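Report on the structure
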Amino acid sequence: VQLQASGGGLVHSGGSLRLSCVASGSISRIDDMGWYRQAPGKQRELVATITSGGSTYYGDSVKGRFTISRDSAKNTVYLQMNSLRPEDTAVYYCNADMVWTSAGMRNYWGQGTLVTVSS
């Protein structure tokens, strides 16, 4: 199983970006998917998660600005980021938790995509 994230880039403060992450491989089911981020010199933090049933959770710093969604048929998770701020600058990582394959169940991480917000 591999997770491939895309959509990062450079944007001005107040702008928008949409991240995508596709999980590929012999996947039977993915229960939860999400996005985390890590800014330079800081610990990785949760941005947003979404369950297979569509329930969402957001970190306090992104509530009202970011929206997570998923297409379970395509094993894809999205993160729509609006009203971006310089403090949103970070490497964004997608995560697929409780991924079921013929080998069992485990957690997977994508390679990360850099988001830079200029002031």
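Residues numbered from 1 in each chain as written. Predicted model: local features only at pLDDT ≥ 70, side-chain atom pairs only at ≥ 80, totals over all residues. Heavy atoms only, no water.

**Observations regarding the packing of aromatic side chains**
Under the counting rule described, the total for this entry stands at one aromatic pair. A ring pair is formed by Tyr 36 and Trp 109, whose centres lie 5.0 Å apart and whose planes are at 65 degrees; its orientation type is edge-to-face. Here Trp 109 lies in strand 10 (residues 104-109) and Tyr 36 lies in strand 4 (residues 29-38), a separation of 73 residues in the sequence. Classification of Trp 109 as partly exposed rests on a relative accessible area of 40%. In this structure, Arg 44 is placed above the aromatic ring of Tyr 93, and the distance from its NZ or CZ to the ring centre is 3.8 Å. Over the face of the ring belonging to Tyr 108 we find Arg 106, whose NZ or CZ atom lies 4.0 Å from the ring centre. (Phe/Tyr/Trp six-rings, centres within 6.5 Å; stacked < 30°, edge-to-face > 60°. Helix = DSSP H or I, 4+ residues; strand = E, 2+ residues; numbered from the N terminus. Buried < 20%, exposed > 50% of the residue type's maximum accessible area, 1.4 Å probe, protein only. Lys NZ or Arg CZ within 6 Å of the ring centre and 35° of its normal.)

**A few points about unusual backbone geometry**
With a phi close to 50 degrees, Asn 75 is a non-glycine residue in the positive phi region. Locating Asn 75 in the fold gives a position in the loop between strand 7 (66-71) and strand 8 (76-81). In this model, Met 98 sits at a positive phi of 55 degrees, which is unusual for a non-glycine residue. Here Met 98 lies in strand 9 (residues 90-101).

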